[in-house]
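Residue-level structural notes
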Amino acid sequence: MAPDPPQNTNPFAAQRPLRPDCRGLNLLIVHNHYRPGGVRRVIELAFPALLEAWETPVTRIVLVGGEPPDGAWLREFKARAGPARVVCATEPAAGYVSEQRLAPATIARRLRRHLEAVLNSLAPGPCVIWAHNQCLGRNLLLTQAVLTAGPARGFPVVMHHHDWWFDNRWARWPEMLRCGFRTLHDVARTLFPDVPGVRHAAINQADAAVLKRHLGADAAWIPNSVEPFPEVTPERRRRVRAWIRKNIAGGDPVWLVPCRLIRRKNLAEALLLTRWLRPEAWLVTTGGVSSPAEEDYARRLREAAQEEGWRLRLSVLTGPGTRPSVPELMASSEAVLLTSLQEGFGLPFIEASAAGRPLMARSLPNIAPDLKAFGFRLPQVYDEVWVDPQLLDWDAERRRQLRLFRHWLAAIPASCRSRVPCPAMLATAAPPSAVAFSRLTLTAQLEVLRQPRERSWTLCARWNPWLEVWRRRAGRGALQAARWPRGARHWLSESAYAGRLASLVATAATSPQHDRGPDCQQDLLNAKLSPENLYPLLWSSRS
């Protein structure tokens, strides 16, 4: 068993001299899985600088998760780890509860034993536990085990929050009930326990402000690290373009959405914009489906595209064979789109600038202030795409939304229902002059897309006058790319990221205060239940 650190010392401080008996720092990275996606990208970008952030050298990295990473990613990860040894500590019980058949008691027991074995295997010396996305709520039994085992040995735990289970992800609530978390209070005390040594990091200022208000110095804003992409060599660019011509678009332009195939990415809106503004372009997405709950969404998009002959290619970087990287594909695309309904950080906003490519994106209220603070000025962002109700069966859509909303409302905790406002589309039976495309179900979105392109453009152009300007720019290849800000390195470099995280770990833990967690969760939850966050596309996996 790894020895407990001496009392009243902090071996994790960045400037603290090495103790003679300290043999190196252990870094445990905890995530439910290491599938391609935003969280894995954050880990792979940040960890090399994190290895240098402490005076004590990191000698071992343990990847704790429910399934091992794919071989190519793991080999690259090990190569970038230098002399630090990389170990995968895989336990299927650490995966998503929804993807397991085990009884909750069995899951909890296996996780306790697994973490004990992992901690017992560590080399002598201090340890930092870096736990990702536990507030997504996909396995609170894992969260509970990590926040019990780590602090009990004096090891600090950083709870790194990318997403929230109550942010249009209410399908997690029944899973929590089955696992023995009977009230919101139970969940909050698990995610925000009053335990010394637990720190919390948010990736945007809006969430960090709430955490700091309740958790004080135990919380921090740590924006993700992003560096300008290295220049793609002319030879490599030719190979990537040859791959695109052969596998995707022939000689036609590519408009890229660098994302997984999930509902909150609102991909039908990206397709609508592409068909209106650049009909000869192919809309391309990179990642695959991340969970069974998204399979129906992916299937319906694929089937509709095949039936209608839309220029859509989904999940082009998944499957066997040699493929370009996301940065290479981005650099070889004519434009980048981000039509997400919600994002915790919005990496493509910044990566498009890093690649020097034009970006068209929805302006997200929790992301826009951060981008401004970083110094980004994005020339092609919008609030909503408005469509004429004549393009869909309004009465059928309203009935559909009413049914889905009632079902969704019944599935959330009873104590939250009175706080939920009536969605705008359900407030009146008469169709409005125009409706936001993002506030439609997938069924209605596909109805709009099935209309002849010029008819839908003619009916909708007056509601979106800015699109006429973008259409002219796109036609002559003059869409504008955002410049990489001079001061962005202060916020987004890997060294800045690692320094902020190391400083958070080194901060002396505050004394436990009774039940800070429930109030913290409640404030975050209230913000996520506001009217602007109600999207029918996210009420059900079958909308």
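Please refer to the structure higher up on the page.
Below: a short report on this structure.

Reading guide: rules and limits
- Residues numbered from 1 in each chain as written.
- Predicted model: local features only at pLDDT ≥ 70, side-chain atom pairs only at ≥ 80, totals over all residues.
- Heavy atoms only, no water.
- Buried < 20%, exposed > 50% of the residue type's maximum accessible area, 1.4 Å probe, protein only.
- Helix = DSSP H or I, 4+ residues; strand = E, 2+ residues; numbered from the N terminus.
- Pairing = 2+ DSSP bridges.
- Right-handed = clockwise from strand over helix to strand, strands pointing away.
- Polar contact = N/O pair within 3.5 Å; in protein donor to acceptor, adjacent residues only side chain to side chain.
- Contact = heavy atoms within 4.5 Å.
- Axes fitted to C-alpha atoms, helices over the stretch in contact; angles between N-to-C directions.
- Parallel < 35°, antiparallel > 145°, perpendicular 65-115°, else oblique.
- Nonpolar A, V, L, I, M, F, W, Y, C, P; charged D, E, K, R; others polar.

What follows deals with the pairing of strand β9 (residues 282-285). Covered by surrounding structure in β9 are Trp 282 and Val 284 together with Leu 283 and Thr 285, the residues of both alternating faces. In this structure, strand β8 (residues 254-257) lies alongside β9, joined through four bridges in parallel fashion. When the bridges of β9 are listed, Val 254 appears paired with Trp 282. On the question of chirality, the crossover connecting β8 to the parallel β9 by way of helix α9 (residues 267-277) is right-handed. Sheet analysis places β9 next to strand β10 (residues 312-313), joined by two bridges and oriented parallel. Bridging from a neighbouring strand, Val 284 pairs with Arg 313 of β10. As a crossover connection, the stretch from β9 through helix α10 (residues 295-308) into β10 is right-handed.

Bringing the side chain of Ser 438 into the picture now. By secondary structure assignment, the location of Ser 438 is in the loop between β15 (435-436) and α16 (442-450). Given the relative accessible area of 0%, Ser 438 is considered buried. Here Arg 362 takes part through its side chain, which lies 3.5 Å from a polar atom of the side chain of Ser 438. In this structure the side chain of Ser 438 is engaged in a polar contact, spanning 2.7 Å, whose partner is the side chain of Glu 384. Excluding anything up to four places from it in sequence, Ser 438 contacts Asn 266, Glu 269, Leu 341, Arg 362, Glu 384, Gln 445 and Tyr 535.

Here we have six strands laid out as an open sheet, ordered β10-β9-β8-β11-β12-β13, and parallel in their pairing. Taken across any chain shown, the strands that pair with only one partner, and hence form the sheet edges, are β10 and β13 (381-382). This element, helix α12 (residues 347-354), spans β11 (335-338) and β12 (359-362) of the sheet and lies at about 165 degrees to β12.

For the pair helix α1 (residues 38-50) and helix α20 (residues 494-506), interaxial distance at closest approach is 8 Å and the crossing angle is 75 degrees. With respect to α20, the element α1 is oriented roughly perpendicular. Residues Val 42, Leu 45, Ala 46, Ala 49 and Leu 50 of α1 touch α20, and the partners they reach there are Glu 494, Ser 495, Tyr 497, Ala 498 and Leu 501. The class makeup of the residues in the contact of α1 with α20 is eight nonpolar, one polar and one charged.

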